[in-house]
Amino acid sequence: MDASLELVASNKSFGGWHKRYRHRSASLNAEAVFAIYLPPQAQSQPVPVLYWLSGLTCSDENFMQKAGAQRIAAELGVAIVAPDTSPRGAEVPGDPDGAWDFGHGAGFYLNASEAPWHRHYRMYDYVVDELPALVEAHFPVSALRSVSGHSMGGHGALVCALRNPGRYRSVSAFAPICNPSDCPWGQKAFSRYLGNDRRKWSEWDASELVAKAGERLPLLVDQGEQDGFLAEQLKPRALEAACAAARHPLTLRLQPGYDHSYFFIASFIDDHLRHHAGALYPR
C-alpha cells in the first residue's frame, strides 16, 4: 500500500472488509478521507466499483453505517467507494455564517471557479478522476465503474455520468437535487462557487445536461413521496420533463410514504445494487 494512504479504520463485514483511508488530495488541496468496502470476491480477483456520493452534511460514514449495502455488495461481488462530501480542514473555508447547506459538507460535486472556493472545492475532479485513479492503483478492483448517490450526492451522480460518456456502466440516485439552478440549495451553492453567470450553472445541472448528453445511459431514480424537500428543493418532475424531451431513458419511481432519510435508502438499496451489478457484470 502506498505510504501516502493512511489507514484510519478497518472492519470485517459479510466476509469482506470495510476500510477508511486518509490521504492528501491534489484536486482538493487538502486532506481527504474515503471509505471502501471490498467484498470477499476481491480476495481472489479484481472486482468492479460502485462510487457512492452522499448528501448535504454527510460524510462517507453515513452511507457505510446506515444503508445496509454491504450484505448485497458481498453477494454480488461489487466494491463500494464512498468519498467525503466536500474538502475539510482548517485551511478550507466554510460558510461564513456557519450554515449547514454550504461549505464544509456541501461541496456539490462541482469545480468551483470563484474565490476563495476555487482553491479547494473541486469535488468533481476528485470524484471523477483522482479518487478512481487512486483506488484502481492500490486496491483489487477493475476499471468498471458505476455511480450513485443521495440528495446532493444524487445530483453529483447524475452530473458525473451525464458529463462523462463511457466512464460509468450505470447510474442511479435517491432523492437527487434534479434541477439545482432552480432551487434554493442549488442557487446558493452555484452563485458562490460559480458566480452569477447562469450559463456556467447549466454545466452542473442534470436537468439541463440531459439534452446534450453524449450517451443515453439509463437513469434510475427513487424518490419518496413524503420527502419534506420534494417540492422546493428536489424537483424530479423537471428531470422527467427534460428526459422526455431528449428521449433519454429514465425510470422515476415515486415511493409512497417514504421520506428523505436513510430509512428510505436502506429500503431500496438492494434494488440499486442489483441494477448496478447487472451493468457491471453483463451477461
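Residues numbered from 1 in each chain as written. Predicted model: local features only at pLDDT ≥ 70, side-chain atom pairs only at ≥ 80, totals over all residues. Heavy atoms only, no water.

## Regarding the layout of surface pockets
The probe, sized like a water molecule, is rolled over the atoms to show the empty space still left.
Piece 1. Size it by volume and the largest pocket reaches roughly 190 Å³.
Piece 2. Lining the largest pocket are 14 residues, and of these L56, T57, C58, H150 and H260 lie nearest its centre.
Piece 3. Counted by class, the lining of the largest pocket contains six nonpolar, seven polar and one charged residues. (1 Å grid on protein atoms, 1.4 Å probe; cavity = no way out; pocket = protein on both sides within 12 Å on 5 of 7 lines; lining within 4 Å. Points joined across faces, edges and corners; volume = space filled by probe spheres on them. Nonpolar A, V, L, I, M, F, W, Y, C, P; charged D, E, K, R; others polar.)

## Re the packing of aromatic side chains
Piece 1. Taken as a whole, this structure holds 19 aromatic pairs when the rule is applied.
Piece 2. Seen in terms of ring centroids, F264 and F268 are 5.9 Å apart; in terms of plane orientation they differ by 65°. Their pairing is edge-to-face. Within this pair, F264 and its partner F268 are both found in helix α10 (residues 262-280), separated by four residues, close to a single helical turn. The exposure classification of F264 matches that of F268, with both residues buried.
Piece 3. Three or more aromatic residues joined by ring pairs make a cluster, and in this case those are W52, F63, F174, Y258, F264 and F268.
Piece 4. Residue placement shows R163 over the ring face of W204; its charged tip is 3.9 Å from the ring centre. (Phe/Tyr/Trp six-rings, centres within 6.5 Å; stacked < 30°, edge-to-face > 60°. Helix = DSSP H or I, 4+ residues; strand = E, 2+ residues; numbered from the N terminus. Buried < 20%, exposed > 50% of the residue type's maximum accessible area, 1.4 Å probe, protein only. Lys NZ or Arg CZ within 6 Å of the ring centre and 35° of its normal.)

## Looking at helix α9 (residues 236-246)
Piece 1. Of all the positions in α9, only P236, L239, A242, C243 and A246 are classed as buried. Summarising the axial view, the buried residues of α9 lie within an arc of 120°, below the 170-degree limit, and thus occupy one face. The exposed set on the far side of α9, more than 90 degrees from its buried face, consists of A244 and A245.
Piece 2. Among the structural elements, α4 (152-163), α7 (206-209), β8 (219-224), α8 (230-234) and β9 (250-255) are those in contact with the buried residues of α9. (Arc of directions from axis to C-beta. Contact = heavy atoms within 4.5 Å.)

## Some remarks on the state of the cysteines
Piece 1. Under the criterion given, the structure shown has zero disulfides.
Piece 2. There is no disulfide at C160, and the cysteine sulfur nearest it, in C178, is 15 Å away.
Piece 3. For the unlinked cysteine C243, the closest cysteine sulfur is that of C178, found at 8.8 Å. (Disulfide = S-S within 2.5 Å.)

## Observations concerning helix α5 (residues 184-193)
For an α-helix, 3.6 residues make a turn, and residues three or four places apart therefore share a direction.
Piece 1. Taken together, the buried positions of α5 are W185, G186, A189, F190 and Y193. The arc enclosing the buried residues of α5, seen along the axis, measures out at 110°, which places them on a common side.
Piece 2. In this structure, the buried side of α5 is in contact with α4, α6 (198-201) and α8.
Piece 3. Backbone geometry just downstream of α5 places G195 in the positive-phi region, at approximately 90°.

## Remarks on empty space enclosed by the protein
Piece 1. On inspection of all chains with the given rule, the structure shows one cavity of 30 Å³ or more.
Piece 2. In this structure, the largest cavity encloses a volume near 40 Å³.
Piece 3. Lining the largest cavity are A161, L162, P165, A213, G214, E215 and L217.

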